[in-house]
Amino acid sequence: MKKRNVILLIIAAFLTVVLVIGYQYYQKAVSSPLSPVISFDEQVLFASVNATDEDLLQGVTATDPEDGDVTDSLMVECSSNLVNENAVKVTYVAFDSKNHMCRAERTVRYTDYKPPEFSLTRPMVFKASSTIDILNYINAEDVFDGDISRKVIYELMGSSTTVAAVGEHDVELRVTNSKGDTSHLALSVEVAQNDPNAANIQLKQYLVYVPVGSSFSAENYFKSYESGGELVTEARSVRITSDVDTETAGTYTVTYSIGYGNNESHTRLIVVVE
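Anyway, here's the lowdown on the structure attached to this text. (Residues numbered from 1 in each chain as written. Predicted model: local features only at pLDDT ≥ 70, side-chain atom pairs only at ≥ 80, totals over all residues. Heavy atoms only, no water.)

### Description of the overall build of the protein
Selection rule: Here a strand is any run of E in DSSP of at least two residues, a helix any run of H or I of at least four, and the numbering for each starts at the N terminus. Buried, partly exposed and exposed residues are distinguished by accessible area as a fraction of the type maximum, computed with a 1.4 Å probe on protein chains only: under 20%, between the cut-offs, and over 50%, respectively. When checking whether two residues touch, look at their non-hydrogen atoms; a contact exists if any pair is within 4.5 Å.
Across its full length, the protein holds 2 helices and 21 strands. The buried share of the protein, reckoned over its 274 residues, is 35%. Relative to all contacts within the protein whose residues are 6 or more apart in sequence, the contacts with residues 24 or more apart total 50%.

Next comes the structure, spelled out in structure tokens:
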């Protein structure tokens, strides 16, 4: 009996040693107090808004105390909203062979970013109707998200309670892209009892963006009008009234008119100088 107990103790001791060694080996194999370290050639990367993850990984390396170079494990995890006019914080992750992860971030400054821009498919000049919905004629485009027209909202300013009533209505358009940048545009909506553009004056565009200091010619945006059942493409009979000052940022209106008094027809071009 005594001999049997000794044997059992020896077996138990052996198993204990095996378990301890095995646990230590497991700990060494699957864990380490150290994680990879991510390094950047430059703390600020200048890139296009069309940059791919591969582009954003340029100049980024990762090393691990045990595995050495683990740059191949690097990934772009996410990017922040815009932190100023054209920059975001991009977060990178890297892994070692034991799946230890580290994170690091750097600033990516976009060289060609511009805020969302609006466009109009028709002038904001309407004949009175209870069904006027200006959002049907307003689009918005973003360099990151593409078409974000469905995100456009507007607010009536001043004393107007509905954009469908006869009169001039000041509205502010707003749209926000996926990077948290919001564009605003104030414009006037004209609603008249009779058709204010009976001559069907057509423009090539109804909202344009012009850089500060650039040249601007209102005549270049005229397209055509109708007279006596004929389509006229010459602007000689069209009166153009413009307050555009390309030296000063702001929103301006150009009016194109034909006829006088009760027979006058007109349409509008919105010019944003920025």
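### Some remarks on the sheet that holds strand β9 (residues 125-127)
The test is simple: Whether two strands pair depends on DSSP finding at least two bridges between them. All axes are obtained by fitting lines to C-alpha atoms, using only the stretch in contact for helices, and the reported angles, taken between N-to-C directions, cover 0 to 180 degrees.
Judged by pairing direction, the sheet is mixed, and its 4 strands sit side by side in the order β9-β14-β13-β12 without closing on themselves. Here the strands that pair on one side only, and so sit at the sheet edges, are β9 and β12 (153-156). With direction set aside, neighbouring strand axes in the sheet form an average angle of 35 degrees. Pairing geometry for β12 and strand β13 (residues 167-176), over 4 bridges, is antiparallel. Looking at β13, one finds that Y154 is bridged to L173.

### Overview of the nonpolar core
To keep things clear, this is the line we draw: What makes a nonpolar core is a set of buried Ala, Val, Leu, Ile, Met, Phe, Trp, Tyr and Cys residues whose side-chain atoms join them at distances within 4.5 Å.
Membership of the largest hydrophobic core comes to 40 residues, with the highest contact counts inside it found for F118, I134, V189, Y256, L269 and V271. At the level of elements, β8 (117-120), β10 (138-142), β13, β14 (182-192), β16 (207-210), β17 (222-227), β20 (250-258) and β21 (265-273) are the ones that each hand at least two residues to this core. If you tally residues by element for this core, the top one is β21, at 5 residues. In this structure, V271 is in contact with V208, V210, F216, V244, G250, T251, Y252 and V254, ignoring residues within four places of it in sequence. Core analysis: the next-biggest nonpolar cluster, separate from the first, contains 21 residues, I38, L56, Y92 and C102 among them.

### Focus on the sheet that holds β16
Think of a sheet as strands paired side by side through backbone hydrogen bonds, with each pair either parallel or antiparallel. Read across the open sheet, the 4 strands follow the order β16-β21-β20-β19; overall the sheet is mixed. This sheet does not close on itself; its edge strands, each paired only once, are β16 and β19 (239-242). Along the sheet, successive strands turn relative to each other by an average axial angle of 25 degrees, direction set aside.

### Section: the packing of aromatic side chains
To be explicit about the condition: A pair of Phe, Tyr and Trp rings is counted when the ring centres sit within 6.5 Å of each other, with Trp represented by its six-membered ring. The angle between the planes then sorts it: under 30 degrees is stacked, over 60 is edge-to-face, the rest tilted. Lysine and arginine charges are scored as sitting over a ring when NZ or CZ, respectively, is within 6 Å of the ring centre and within 35 degrees of the ring normal.
Applying the stated rule across the entire model yields 6 aromatic pairs. Residues F126 and Y137 carry aromatic rings whose centres are separated by 5.7 Å and whose planes lie at 45 degrees to one another, so their mutual orientation is tilted. Of the two residues, F126 is situated in strand β9 and Y137 in the loop between β9 and β10; the sequence distance between them amounts to 11 residues. Looking at Y137, the relative accessible area reads 26%, which means it is partly exposed. When the ring of F222 is compared with that of Y225, the centres are 6.3 Å apart and the planes differ by 50 degrees; the resulting orientation is tilted. Assigned by exposure class, F222 and Y225 land together as buried. One aromatic cluster in this structure is built from Y110, Y113 and F144. Its end group placed over the ring of Y137, R122 keeps NZ or CZ at 5.5 Å from the ring centre.

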